Amino acid sequence: MSDAAAAAPGADRLWSVDEHLADILRTVRPLEPIELQLLDAQGCVLVEDVTVPAALPPFDNSSMDGYAVRAADVRDASEKFPTVLTVVGDVAAGGDGSLVAVGPGQAARIMTGAPLPPGAEAVVPVEWTDGGLGGGPATTMSAGGIASGASGAGDGLGAVRVHRPVTAGAHVRARGSDVAAGDLALAAGTVLGPAQLGLLAAIGRATVTVRPRPRVVVLSTGSELVPPGGELAPGRIHDSNSYLLAACARDAGALAYRVGAVEDDAATLRATLEDQIARADAIVTSGGVSVGAYDVVKAALTGLSGDEGRVEFRRLAMQPGKPQGFGRLGPGRTPLFALPGNPVSAYVSFELFVRPAVRAMMGLEPPERPVVRAECAEPVGPSPKGRRQYLRGRYADGRVTPVGGAGSHLVGALARADALIVVPEDVTSVPAGAEVDVILLD
């Protein structure tokens, strides 16, 4: 370690998990708002209250295919004694705006979504009529214009037999029944998902002002790493961390950019970071942060100054994930998270430190993963005194079962886990049946 790193505040002491997270959250800032097209804003956080400019729906309209009628005209309608009404016109959704009026003893054929014509108070579903065909109950609306040739009544425009009564307002979607003009549609701080974007489109918004999803660049370090699909020579392993962490970043709401593994060369790593920083709101590295002779991240980023930024490497009172690095790079002071290289250590570190930072950059409150109390189904131990341990587990119905051991390389057990069991710093073993804090991951 260089003299500059040795002199850095906190570099020679053991930090708690809470201290490290608090330092991160003091440092990161919400991204500046931008205006985006609706689909580009999916997953982003709204920074303004959005009010409804006009009532939705904007007019009374039919919720069924059927006949627009006056309620009084069909009050006594029945299967045995149907009410016969004169059909005076068709009302289709998206028409030219000219609507036939419905007077006493009259009806208008109407399609779902079409505006209720003047004089009409309700809609009789087509299944409650003969469909204008003079027979039994209809199942569908016939194609074309006004039904003709029906017998029983009318003046040549056709007639329909109504077999059941309706009350005023039946099968009508009233103007403003969804949202009224001036209502709050969405509040600032809302994460925009499909339903929220649909509402914005329905009230006529084409763009919206949001905090964008952070762009997170993820890269692994290690000369031993080979891309998945590549042939493994002796001493080589596949690069899983960059895929794991890029997926974590996406799951947290970020836009993830995965970079190919960087070999154990400080100059190469620094050049890669300089190349990537232009498209990054945050950078996450894995590996090279411990005390080994080839810990490239530590070697490349120790002793930065001025516009280069500053990264501090720390020891945390936790297992897994004791070695951590955090700081800011470049003139723009882009946050950098230097995580350990073992897959479980990297995953746990992301969940504890990077996920809250991503949410803070989006303008959200950091807590997201729920923490519950659960009965531990099996004994846990030993746990190192003075270090907070995070063990993989499976949670169901108030009980949690440990999955795999404490090893930070056991990625198979990680894939089967849906929770992290938290063993506090002052606890060295947990008997079966004891309650523990559990972080739910799904």
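Anyway, here's the lowdown on the structure attached to this text. (Residues numbered from 1 in each chain as written. Predicted model: local features only at pLDDT ≥ 70, side-chain atom pairs only at ≥ 80, totals over all residues. Heavy atoms only, no water.)

### Structural notes on the overall build of the protein
1) Next: Along the backbone of the protein there are eight helices and 27 strands.
2) Next: What you see for the protein is a C-alpha radius of gyration of 33 Å, clearly larger than the 22 Å of a compact globule of 442 residues, by over 25%.
3) Next: Counting only C-alpha atoms and orienting by the principal axes, one finds that the protein spans roughly 100 × 55 × 45 Å.
4) Next: Counting all 442 residues of the protein, 46% fall into the buried class.
5) Next: Put simply, 71% of the contacts in the protein that link residues at least 6 apart link residues at least 24 apart.
6) Next: On the protein, the mean spot of the 38 positive side-chain charges and the mean spot of the 49 negative ones are 4 Å from each other. (Helix = DSSP H or I, 4+ residues; strand = E, 2+ residues; numbered from the N terminus. Rg over C-alpha atoms; globule rule 2.2 N^0.38 Å. Buried < 20%, exposed > 50% of the residue type's maximum accessible area, 1.4 Å probe, protein only. Contact = heavy atoms within 4.5 Å. Lys, Arg positive; Asp, Glu negative; His and termini not counted. Charge placed at Lys NZ, Arg CZ, Asp CG, Glu CD.)

### Some points on the side chain of D295
1) Next: Positionally, D295 belongs in the loop between β18 (282-286) and α6 (296-301).
2) Next: One buried charge, D295, has no salt-bridge partner; the nearest side chain with opposite charge is K298, at 6.2 Å. (Salt bridge = Lys/Arg side-chain N within 4 Å of Asp/Glu carboxyl O.)

### As for the pattern of salt bridges
1) Next: For the structure on display, the rule yields 22 salt bridges.
2) Next: For E48, the salt bridge identified is with R205, shortest N-O distance 2.9 Å. In this pair, E48 is assigned in the loop between β3 (45-46) and β4 (50-51) and R205 in the loop between α3 (194-202) and β13 (207-211), connecting sequence segments 157 residues apart.
3) Next: Its relative accessible area of 27% is what places R205 among the partly exposed residues.
4) Next: Here D90 and R109 are joined by a salt bridge, their closest N and O atoms 3.0 Å apart. Remark: R109 occurs in strand β8 (residues 106-110) and D90 occurs in strand β7 (residues 83-91); sequence separation between them is 19 residues.
5) Next: Look at R109 and you get buried, because its relative accessible area is 1%.
6) Next: In the salt-bridge network here, residues are joined through shared partners; they are D23, R26, R310, E312 and R314.

### A short note on the sheet that holds strand β19 (residues 309-316)
1) Next: The strand order across the open sheet formed by seven strands is β1-β19-β21-β22-β18-β14-β17, and the pairing between neighbours is mixed. In the strand order of this sheet, the two ends are held by β1 (14-15) and β17 (255-262), each with one partner.
2) Next: Running at roughly 170° to β17, helix α4 (residues 241-251) makes contact with β14 (215-221), β17, β18 and β22 (334-339) of the sheet. (Pairing = 2+ DSSP bridges. Axes fitted to C-alpha atoms, helices over the stretch in contact; angles between N-to-C directions.)

### Some details on the environment of A360
1) Next: Within the secondary structure layout, A360 lies in helix α7 (residues 343-361).
2) Next: Spatially, the C-alpha atoms of A360 and N241 are 23 Å apart, while their sequence positions differ by 119 residues.
3) Next: Look past the residues within four positions of A360 in its chain and what remains in contact with it is L25, V28, R29 and P30.

### Re the packing of helix α2 (residues 17-27) against α7
1) Next: Contact geometry of α2 with α7 gives a least axis separation of 10 Å together with a crossing angle of 25°. Classified by the angle their axes make, α2 and α7 are roughly parallel. For the pair α2 and α7, the crossing hand works out as right-handed. Seen from α2, the contacting residues are V17, H20, L21, I24 and L25; seen from α7, they are L352, F353, P356, A357 and A360.
2) Next: A per-class count over the contact of α2 with α7 returns nine nonpolar, one polar and no charged. (Parallel < 35°, antiparallel > 145°, perpendicular 65-115°, else oblique. Left-handed = near helix turned anticlockwise from the far one by under 90°. Nonpolar A, V, L, I, M, F, W, Y, C, P; charged D, E, K, R; others polar.)

### Observations regarding α7
1) Next: For α7, the principal kink sits at F350 and spans about 45°.
2) Next: Counting buried positions along α7 gives 19 out of 19 residues, so the element sits mostly inside the fold.
3) Next: Following α7 by one or two positions, G363 has its phi on the positive side, about 85°. (Bend = angle between axes of the 7 residues up to and from the residue.)

### Considering the packing of α4 against α7
1) Next: The contact between α4 and α7 brings their axes to 10 Å, and the two run at 25°. Considering the angle they form, α4 stands roughly parallel to α7. Here the hand of the crossing between α4 and α7 comes out right-handed. Touching N241, L244, L245, C248, A249 and D251 of α4 are P343, A346, Y347, F350 and R355, all from α7.
2) Next: When the residues that make up the contact of α4 with α7 are grouped by side-chain class, the tally is eight nonpolar, one polar and two charged.

### Some points on the packing of aromatic side chains
1) Next: As enumerated under the stated definition, the model contains one aromatic pair in all.
2) Next: Their ring planes at 45° and their centres at 5.2 Å tell us that F326 and F337 sit as a pair that is tilted. Taken together, the positions of F326 in strand β21 (residues 323-329) and F337 in strand β22 put the pair eleven residues apart, joining distant regions of the chain. The residues F326 and F337 share a single accessibility class, namely buried.
3) Next: A cation sits over an aromatic face here: R13 above W15, 4.2 Å from the ring centre.
4) Next: We note R314 situated over the ring of W15; from NZ or CZ to the ring centre the distance is 3.7 Å. (Phe/Tyr/Trp six-rings, centres within 6.5 Å; stacked < 30°, edge-to-face > 60°. Lys NZ or Arg CZ within 6 Å of the ring centre and 35° of its normal.)

### Observations regarding helix α5 (residues 266-276)
1) Next: Of the positions making up α5, those classed as buried are L269, T272, L273 and Q276. One face of α5 carries all of its buried residues, which in axial projection span an arc of 100°. The exposed set on the far side of α5, more than 90 degrees from its buried face, consists of A267, E274 and D275.
2) Next: Taken together, the buried residues of α5 touch β14, β17, β18, α6, β21 and β22. (Arc of directions from axis to C-beta.)

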